[in-house]
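# Observations on the model geometry
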Amino acid sequence: MSRILLAPMEGLADPLMRDVLTAFGGYDWGICEFVRVTASVLPNRTFLRTCPELLQHSRTAAGTPMRVQLLGSDPHFMAANARRLVKHRPAGIDINFGCPAPSVFRHRGGSALLGEPELLNEIVGAVRREIPADIPFTAKMRLGIADDSLAVDCAQAIEAGGVDELIVHGRTKVDGYRPPARWGQIDRVRAAVGIPIVANGEVWTVDDYHRCRAESGCADVMLGRGALADPLLPRKIRGEPTGGWAEVAPAVATYWRGVRERVLPEHAGGRVKQWLMLLRRHYPEAEALYLRLRPVKAAEDIDRLLVAEGILESLPLAA
């Protein structure tokens, strides 16, 4: 069986969501949201805040290993932060060369570096020198900025820098998250390098997973938004039995309780609505729940509605 991995998703897969998703099972490992590196060595609390799994042997509550992702453009400071991160014994270290967010791109991070293969190589090489051989080292990239003309050059530069594996999202920065993901172009990259390539992008169903593997030539697949849209997808891919909405609904309750504990009441509703917007792609019950919740603003009113809908057994003890 090929490996199924959980993608880093800024603003979507925070530590709470990672705990909820990995509790369903089916993941070999995942990557947390990125740690932004600028012109400083970050304090330990920054790594622990972004990836609290580091306090649990770099694993979620369910035991899924979580790797830490660094994002930045300065080889010296990327290496210096990797040196500090290594002391926490992460399950792995990844470098972000794929984030398409405008705020990241403007500050020469993520996918902005895909026009500079030489710099990619320099960053990866500098970080490689700080990582012991027993800590997996990967990078994640897109096909390019506006086109995929440098995709192979970038992948080869990253490979030469010393990563163990490379994850390739089958879209450019300009593509954003618009379908389709060009899995066939991932195959072109895969054929040009000697390290394992993991395919990523637009895998929402079991059929998508099989087509992605066939078109990309990759054995392993990383799930992104598809993981939130169907938390049971990894187990469906593995041919394991699943319980449908009856299994997902308690996880919505778990997530909401966690949000209520961690998020200011005025922002809490947006978090659960964001997840339901993705869940409704596969679950009609999520669509119905989203429509009922959509006009509700106050967290306390959402509490009561979730109890009335049978999602929560009782009102949260604290708000």
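Coordinates for the structure precede this section.
Keep in mind that what you see is a predicted model, and the values were worked out from it rather than measured. (Residues numbered from 1 in each chain as written. Predicted model: local features only at pLDDT ≥ 70, side-chain atom pairs only at ≥ 80, totals over all residues. Heavy atoms only, no water.)

Looking only at helices and strands, the chain has 14 helices and eight strands in total. Projected onto the principal axes, the alpha-carbon positions of the chain cover approximately 60 × 45 × 35 Å. In the chain, which comprises 319 residues, the share counted as buried stands at 55%. Considering only residue pairs separated by 6 or more positions, the chain has 68% of its internal contacts joining residues 24 or more positions apart. Carbon and sulfur atoms form 52% of the exposed surface of the chain, whose accessible area is close to 13100 Å². (Helix = DSSP H or I, 4+ residues; strand = E, 2+ residues; numbered from the N terminus. Buried < 20%, exposed > 50% of the residue type's maximum accessible area, 1.4 Å probe, protein only. Contact = heavy atoms within 4.5 Å. Areas by Shrake-Rupley, 256 points an atom, 1.4 Å probe, with all protein chains shown as cover.)

So, on to the packing of aromatic side chains. Evaluated as defined, the whole model comprises two aromatic pairs. Their ring planes at 45 degrees and their centres at 5.9 Å tell us that W245 and Y283 sit as a pair that is tilted. Placement of W245 in helix α11 (residues 245-262) and of Y283 in the loop between α12 (265-279) and α13 (284-293) is noted, with a sequence separation of 38 residues between them. For the pair formed by W245 and Y283, the shared burial category is buried. Judged by centre distance (5.3 Å) and plane angle (75 degrees), the ring pair of Y255 and W275 falls under edge-to-face. Of this pair, Y255 sits in helix α11 while W275 is found in helix α12, placing the two residues 20 residues apart along the sequence. (Phe/Tyr/Trp six-rings, centres within 6.5 Å; stacked < 30°, edge-to-face > 60°.)

A word on helix α7 (residues 183-192). Three or more residues of α7 are buried, namely W183, I186 and V189. End-on view of α7: buried residues confined to an arc of 105 degrees, all on one side of the axis. (Arc of directions from axis to C-beta.)

On to the nonpolar core, then. Within the largest apolar cluster, 104 residues are counted, with the highest numbers of intra-cluster contacts made by F97 and W245. Ranked by residues supplied to this core, first place goes to α11 with nine residues. (Core = buried A, V, L, I, M, F, W, Y, C linked by side-chain atoms within 4.5 Å.)

Attention now goes to the environment of G162. Tracing the backbone through its elements, the reader meets G162 in the loop between α6 (151-161) and β6 (165-169). Remark: the alpha-carbon pair of G162 and F137, spanning 25 residues in sequence, is separated by 8.2 Å. Residues within four places of G162 in sequence aside, it is in contact with V124, R128 and F137.

Opposite charge on two side chains makes pairing possible when the charged atoms of those side chains draw close. The tally for this structure, following the rule as stated, stands at 26 salt bridges. Linking R3 and D220 is a salt bridge whose minimum nitrogen-to-oxygen distance equals 2.7 Å. Here R3, found in the segment before β1 (4-6), pairs with D220, found in strand β8 (residues 220-223); they are 217 residues apart in sequence, far enough to count as distant. Among the salt bridges present, the one from K236 reaches D230, with a minimum N-O distance of 2.8 Å. On the basis of relative accessible area, K236 is assigned to the partly exposed category, the value being 32%. (Salt bridge = Lys/Arg side-chain N within 4 Å of Asp/Glu carboxyl O.)

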